[in-house]
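Understanding the architecture of this molecule
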2 protein chains.
Amino acid sequence: MSVLNNVNSLKSAIKKANINAVILLGTDPHLSEYIPDHWQVIKWLSGFTGSYAKMVVSQDKALLWTDSRYFIQAEDQLKNSGIILMRDRQIDSISIENWLINELNSGDVVALDGLTISALEYSQLKTNFAANGMSLIEKEGLVDSIWSNRPLVQNSKIYSYPASFSGQNRIEKLKTIRQLLTSRGAEATLISALDELAWTFNLRGEMHNFSPLFAGYGYVDQKKAILFASEGQISESLIHELATDGIEVVAYEELIAYLSGHIPKSIYLDSSRINSKLMNVFLDDSAVIEGGSLIAKLKSIKNKIEISGMKAAHRRDGVAMVNFLYWLDRSLGKEKMTEISIAESLNKFRSQQIRYKGESFSSIVGFGPHGAIVHYNATQDTDVEICKNGILLIDSGGHYWDGTTDITRTIAIGKVTAKQKKDFTLVLKGMINLANALFPFGSKGHSLDILARNSLWQNKLNYGHGTGHGVGHYLSVHEGPMSIRTEINNEPLCVGQILSNEPGLYREGEYGIRIENILLCKSAGENLGISFNSFETLTLCPIDRRLINKSLLNSVELKWINLYHKKVYQTLNSHLNPSVSRWLKSQCNPL
Amino acid sequence: MSVLNNVNSLKSAIKKANINAVILLGTDPHLSEYIPDHWQVIKWLSGFTGSYAKMVVSQDKALLWTDSRYFIQAEDQLKNSGIILMRDRQIDSISIENWLINELNSGDVVALDGLTISALEYSQLKTNFAANGMSLIEKEGLVDSIWSNRPLVQNSKIYSYPASFSGQNRIEKLKTIRQLLTSRGAEATLISALDELAWTFNLRGEMHNFSPLFAGYGYVDQKKAILFASEGQISESLIHELATDGIEVVAYEELIAYLSGHIPKSIYLDSSRINSKLMNVFLDDSAVIEGGSLIAKLKSIKNKIEISGMKAAHRRDGVAMVNFLYWLDRSLGKEKMTEISIAESLNKFRSQQIRYKGESFSSIVGFGPHGAIVHYNATQDTDVEICKNGILLIDSGGHYWDGTTDITRTIAIGKVTAKQKKDFTLVLKGMINLANALFPFGSKGHSLDILARNSLWQNKLNYGHGTGHGVGHYLSVHEGPMSIRTEINNEPLCVGQILSNEPGLYREGEYGIRIENILLCKSAGENLGISFNSFETLTLCPIDRRLINKSLLNSVELKWINLYHKKVYQTLNSHLNPSVSRWLKSQCNPL
């Protein structure tokens, strides 16, 4: 069935159900970052494949919202579909909410699948529609009857993740969670986010290409701990292992029925991380205590073993990166390479490292103007050969059994211009100034963000993305609750958290620059009664000296880069073969 | 009647009224910063004279909350009063709310005067008490029957402030306000904050020593504009002048009666700036549209004439400061000076300037350890002589007919130590880095705050106060809605706003350092489609070079200080007599 037919069928189904419009938010019941095929409703309906898309289908119109990363792609993929492209996240963007309020009339009904919207968003939308006389209803299965070959939910195997890597066994984790619940006056909590679930029960899966997660839910109260997982996902021996730790396994499909029969008096929920349908289970009969996810916070603070695993993973990743960069340096102009082939080569170098499990996200390799597209993913249509002069941006990362990495390096290909060197050095200065931060206990990421931007701002330049995201420990490469961005985030930066440090600069049609290292937040001791924290950079990989204009660095920055390169060489040297080691030494000499 | 009797009488009055406790928040119906005598209930009840104090009196206890600035003073002034000192704003502080929730029982009743609490605070308190089974009621006049000689409300004269200074006449201002009300869907607004009232109607008064304000309210809808003021405050000719501009005058005392008879369909109110009793007038019959004060924002963005007035005032203030500093330099060791006598001298030097109206706040002159007390106000008991070696902190400001100033200089007396120079230079670096800020349109003060702190943080030092407050134009020396502080403030910094830049460092028992200049936010032009803003420093006064360790300044900072001193000399030189001019030149030579 063609896209056009899909949309028309949905329009008819809506009309039949006396609904004026349906909202499709392009997520799954766990509000995941990577969405399994079963939940790729928008791709099926529109043919659009970008990672950010939301749709509205009314009885006579279909519209798709995406952001500037995908405008060109969306124009192309939506051609002849009759679907109107809505440019989101622009100054003059119209939100789905406002579009519907303008388009529909008082008394009209908007539907969405309560499984694919957070309880928080749902209640905000409902309130705002109500203020305009419209109603919002939850309606599942609208596409089921139309989507004939809808992929089944893939039930990936679940495996045990040993405490020798996670650093804390299940019993200890459950004890901590129960203590926190008591402190918040709650009897129970429901775990819906898949990385929180994997963390809590020391389990991993193979649901996605880029995250070792599995579909499931968790329920923890003062006595019980339940893992909801589908039959066939979990072996008898693992069920036994979990039982030994006091964890019962119940079928995934029975979640709502089970909860309805075991409603706790009070439940702690993060309404931004639980879907609306699940929230509804509790709203009538439980006291819902809302707050930021307790488990997200626990998970973000790495224990000693997780930290040492992350450090080991970054050492191995550094070896892979250096071997790759050496190969790139020696092979340029000798063998044909393209953005796609480079990404494949890099993955091969990572695969040579022990404990490597795969890429932590789809590598971004952008040459020249492609580097200026922040989330560029080379396709057969866009792929270009790396040759002549230009700047090559490579953002990649690996999952290792003991940790996860995320690194961006920007590489000079051929000759570089003074402008490119100045731009690169301004980004580098920002990266260094954030790495050098020393800040009082309790500081928030939004307070530190300017450290990475100030050198750019001083030259009336900026970048349009955040500076730092949390990094999971063999979990999602993006995690919260803390971040380093201009936008307000009230979660303080805590000792043990691991974040990226990735300022950039993008000149549309010319080139993109980003330098990304991973930071560990650690204690820097006390002075006059105030505790201070600082960062340790975990990433070990040289920064392209051909792109640095040394005269723009002050003495503190120069010292940082020389010490950093010294540490990179000293740490990686013994793991490299002699020719690579010699090459690395030349890259790490003092500036 | 003694303090002890006052408290006991209040306890009896509470018991009689079947109230379990009363909260006294120490403000006036306009929620002002400086409180007229009539509203100094806490001073009367407790004998405590600090500027920050809140009290709770229950049937058997009396407690007073104040912060660390006043702990020593409060211990002294509350001796033998039976009043318990509660240390506020400490990590382990107990709030009034929590103290009452712990102390009282379900069913108990807490009262306060609805005139002296913001509607926002009142509703939060009411909700939290209700969650604990307690009720909060508004009750006026509890102290009236006890406070026999309560000072009357002083009705200061109101005078017209010409548009040649304010830069915009009343008709234009009312037009702008009405347009904003329309854009917010509101018919009317009520003006309660006294600086907003004075700004809106281009009026000033003499209610306080330190702000040219007067007691009153304003009401503006699409047709009417009303000034509520007491009889005797306002002359016949001014009433006539206002009438010409479409402004009616109604008696202050008739406010609530008048409003009750003229309830608008919808009213725009800032619930953090209007007292609870006034909010209640509207809650039943008007649609209350809540939001940040429209007038506070308008007022903060100075027009061209206000800016040129502020610049002229800062030039005159600079002349006064330089004459004062020259006198101080020449007279030290020759005539006896104390903290109090220095403050008086400084005021005399300001008085020599044209258009000078008086101090914009009570000067802070703190020598040695007194400088470490952030809001130190020398009294006859604490006053010390300035002699031998030490650091002298002077924070002062003036109101001029065309603008308001606020400046802090820290002066070396005798020999300075290397530690003092390092501390001073770190504070100076912060001040310079904020002055040098260049930031995208829409940036918030909390994003910039770290610029002023980073040099201190890098040495594990910090200061416990905000970095920058708005400064009114011949109004209050402290104004919002924007600020530069660590705490979140969602109001962006806008072109035309004027803020202080005042990092500091306080070593308890040793000395305090603060350097404060006033900044004007201005446009820095556009690049790649993004508008940037920057600051211009308005304050003109040398920074004590004896306290600067030049080796700690980087080239950007060194350039700033030399250019700043050059500008100070060039601007002030022609207004000084030759000997002062020669002295200033020596202070302004390049480092």
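Predicted model only: the values in this text are computed from it and were never measured. (Residues numbered from 1 in each chain as written. Chains lettered and ligands numbered in written order. Predicted model: local features only at pLDDT ≥ 70, side-chain atom pairs only at ≥ 80, totals over all residues. Heavy atoms only, no water.)

A complete count under the given rule lists 38 aromatic pairs over all chains for this structure. For the ring pair Tyr161 of chain A and Tyr474 of chain A, a centre distance of 5.5 Å and an interplane angle of 45° mean the geometry is tilted. Note that Tyr161 of chain A is positioned in the loop between strand 7 (158–160) and helix 6 (163–166) and Tyr474 of chain A in the loop between strand 22 (468–470) and strand 23 (479–484), a separation of 313 residues in sequence. Relative accessible area serves as the criterion here: at 1%, Tyr161 of chain A is assigned to the buried category. Ring geometry for Phe228 of chain A against Tyr258 of chain A: centres 5.6 Å apart, planes inclined by 70°, an arrangement best described as edge-to-face. Linking Phe228 of chain A in strand 11 (residues 225–229) with Tyr258 of chain A in helix 10 (residues 255–261), this pair joins segments that are 30 residues apart in sequence. The pair Phe228 of chain A / Tyr258 of chain A is uniform in exposure class, with both members buried. Through pairs of rings, three or more aromatic residues link up here, namely Tyr159, Tyr161, Phe165, Trp401 and Tyr474 of chain A. Against the face of Tyr52 of chain B rests Arg89 of chain B, its NZ or CZ located 3.8 Å from the ring centre. (Phe/Tyr/Trp six-rings, centres within 6.5 Å; stacked < 30°, edge-to-face > 60°. Helix = DSSP H or I, 4+ residues; strand = E, 2+ residues; numbered from the N terminus. Buried < 20%, exposed > 50% of the residue type's maximum accessible area, 1.4 Å probe, protein only. Lys NZ or Arg CZ within 6 Å of the ring centre and 35° of its normal.)

Attention shifts here to the interface of chain A and chain B. Across the contact, 28 residues belong to chain A and 28 residues belong to chain B. Both sides of the chain A and chain B interface together cover about 2,400 Å² of buried area, and 62% of this is carbon and sulfur. Connecting chain A to chain B are zero salt bridges. There are six residue pairs in polar contact (both at pLDDT 80 or more) connecting chain A and chain B. Among the elements of the structure, strand 21 (438–440), helix 16 (445–457), strand 27 (517–527) and strand 28 (530–537) of chain A are those that each provide at least two residues to the side of chain A that touches chain B. Looking at the side of chain A that touches chain B residue by residue, the class counts come to 14 nonpolar, twelve polar and two charged. (Contact = heavy atoms within 4.5 Å. Buried area = accessible area lost by both parts, 1.4 Å probe. Salt bridge = Lys/Arg side-chain N within 4 Å of Asp/Glu carboxyl O. Polar contact = N/O pair within 3.5 Å; in protein donor to acceptor, adjacent residues only side chain to side chain. Nonpolar A, V, L, I, M, F, W, Y, C, P; charged D, E, K, R; others polar.)

All right, on to the side chain of Ser118 of chain A then. All names here are of chain A. Along the chain, Ser118 falls in the loop between strand 5 (109–112) and helix 5 (119–130). Residue class for Ser118 comes out buried when judged on its relative accessible area of 4%. A distance of 3.1 Å separates the side chain of Ser118 from the backbone nitrogen of Glu121, its partner in a polar contact. Setting aside its immediate chain neighbours within four residues, Ser118 contacts Leu31, Ser271, Ser272, Ile274, Asn275 and Ser276.

Residues and elements named next belong to chain A. The three strands are arranged 15-18-19 in an open sheet whose pairing can be described as antiparallel. Unpaired on one side and paired on the other, strand 15 (356–359) and strand 19 (403–404) mark the two borders of the sheet. Note that strand 18 (residues 398–400) and strand 19 share two bridges and pair antiparallel. Within strand 19, the residue paired with Tyr400 across the bridge is Gly403. Its contacts with the sheet place helix 14 (residues 339–351) against strand 15 and strand 18, and it is angled at close to 165° to strand 15. (Pairing = 2+ DSSP bridges. Axes fitted to C-alpha atoms, helices over the stretch in contact; angles between N-to-C directions.)

Each pair of packed helices can be summarised by the angle the axes make with each other and by the distance between the axes. Residue and element names in this part refer to chain A. For the pair helix 13 (residues 304–331) and helix 14, the least separation of the axes is 8 Å and the interaxial angle reads 135°. Classified by the interaxial angle, the pair formed by helix 13 and helix 14 is oblique. As helix 13 runs across helix 14, the sense of the crossing is right-handed. For the pair formed by helix 13 and helix 14, the contact residues are Asp317, Ala320, Met321, Asn323, Phe324, Trp327 and Leu328 on the first element and Ile342, Ser345, Leu346, Phe349 and Arg350 on the second. (Parallel < 35°, antiparallel > 145°, perpendicular 65-115°, else oblique. Left-handed = near helix turned anticlockwise from the far one by under 90°.)

So, about the side chain of Glu516 of chain A. Residue and element names in this part refer to chain A. Residue placement: Glu516 occurs in the loop between strand 26 (511–514) and strand 27. For the buried residue Glu516, which engages in no salt bridge, the nearest side chain bearing the opposite charge is Arg514, 5.2 Å off. A distance of 2.7 Å separates a polar atom in the side chain of Glu516 from a polar atom in the side chain of Thr408. Excluding residues within four positions of it along the chain, Glu516 makes contact with Asp395, Asp406, Ile407, Thr408, Arg409, His469, Ser500, Asn501, Glu502 and Thr539. (Lys, Arg positive; Asp, Glu negative; His and termini not counted.)

Per-residue pLDDT for chain A has a mean of 94; in total, 100% of the residues score no lower than 70. Model confidence for the complex is summarised by a pTM of 0.93, with the ipTM given as 0.92. (pLDDT = per-residue confidence, 0-100.)

Before going further, it helps to examine unusual backbone geometry. When glycine is set aside, most residues are seen to have a negative phi, and most peptide bonds are trans. Across the junction of Gly480 of chain A and Pro481 of chain A, the peptide omega takes the value 5°, indicating a cis bond. Positionally, Pro481 of chain A belongs in strand 23. Residue Arg89 of chain A is not a glycine yet carries a positive backbone phi of 60°. Its relative accessible area of 53% is what places Arg89 of chain A among the exposed residues. Backbone geometry places Asn18 of chain B, a non-glycine residue, at a positive phi of 60°.

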